[in-house]
Structures are given as C-alpha cells and as structure tokens.
Amino acid sequence: MNPVHRLTIEADDGVEVVFVGPVESCARRVVVKRSGGLVVLDRGDFFTLHSGGTSGLELVAEVAQ
C-alpha cells in the first residue's frame, strides 16, 4: 500500500492556496485555485498519495481499484 502524506498550507491569499509536503524527501508542492484548478509546482514522490485541506477546500488521495 502506498504511503499517504498530509499536505500543509504554505500560503493562502484567499484565491489560491499553496500546499507543501511535510516529508523532506518528498517535497511535493501544488497551487490550488479556490475557483477550480490545480498546478503542480514540484511533483514530489510520485508513488505517495497526497491529501490536505483548509476551510471550503479539500484534496483527497484515492487509490484506483
């Protein structure tokens, strides 16, 4: 089973949220627009599932069956 990293918020300007991975060896960074859309800045560990969230916004890792 793949590990799961809970992303934490690095910045939030009310329009976009920057999430970062808490594990130094992973270093995943993504920008999520509250209106929809996601930009991956740093992919991090491709085999790790990532999740995270803030008020009104949640990223959930799911494994395809």
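Residues numbered from 1 in each chain as written. Predicted model: local features only at pLDDT ≥ 70, side-chain atom pairs only at ≥ 80, totals over all residues. Heavy atoms only, no water.

Caption draft 1: Quick look at the sheet that holds strand 2 (residues 8-12). The four strands are arranged 2-3-4-5 in an open sheet whose pairing can be described as antiparallel. Every other strand in the sheet has two partners, leaving strand 2 and strand 5 (38-42) as the edge strands with one partner each. Each strand axis lies, on average, 25° off the axis of its neighbour in the sheet, ignoring direction. Here strand 4 (residues 29-33) runs beside strand 5; their pairing, made up of four bridges, is antiparallel. (Pairing = 2+ DSSP bridges. Helix = DSSP H or I, 4+ residues; strand = E, 2+ residues; numbered from the N terminus. Axes fitted to C-alpha atoms, helices over the stretch in contact; angles between N-to-C directions.)

Caption draft 2: Local environment of the packing of aromatic side chains. Applying the stated criterion across every chain yields a total of one aromatic pair. Consider the rings of Phe46 and Phe47, whose centres lie 5.5 Å apart with planes at 85°: the pair is edge-to-face. Look at Phe47 and you get exposed, because its relative accessible area is 60%. (Phe/Tyr/Trp six-rings, centres within 6.5 Å; stacked < 30°, edge-to-face > 60°. Buried < 20%, exposed > 50% of the residue type's maximum accessible area, 1.4 Å probe, protein only.)

Caption draft 3: Region of the structure containing the pattern of salt bridges. Evaluated as defined, the whole model comprises three salt bridges. Across the pair Glu16 and Lys33 runs a salt bridge, and its minimum N-O distance is 3.9 Å. Here Glu16, found in strand 3 (residues 16-20), pairs with Lys33, found in strand 4; they are 17 residues apart in sequence, far enough to count as distant. In this structure Glu16 comes out as partly exposed when scored by relative accessible area, which is 30%. Its relative accessible area of 37% is what places Lys33 among the partly exposed residues. (Salt bridge = Lys/Arg side-chain N within 4 Å of Asp/Glu carboxyl O.)

Caption draft 4: Summary view of unusual backbone geometry. Positive phi outside glycine occurs at Ala27, with the angle close to 60°. Mapped onto the fold, Ala27 is located in the loop between strand 3 and strand 4. Owing to a relative accessible area of 37%, Ala27 belongs among the partly exposed residues under this scheme.

Caption draft 5: Region of the structure containing the environment of Arg43. Position of Arg43 relative to the elements: it lies in the loop between strand 5 and strand 6 (49-54). Of the residues examined, Arg43 reaches a relative accessible area of 51% and is grouped as exposed. Considering only alpha carbons, one finds Arg43 and Cys26, 17 residues apart in sequence, at a separation of 8.2 Å.

What is shown is where atoms sit, not what they do.
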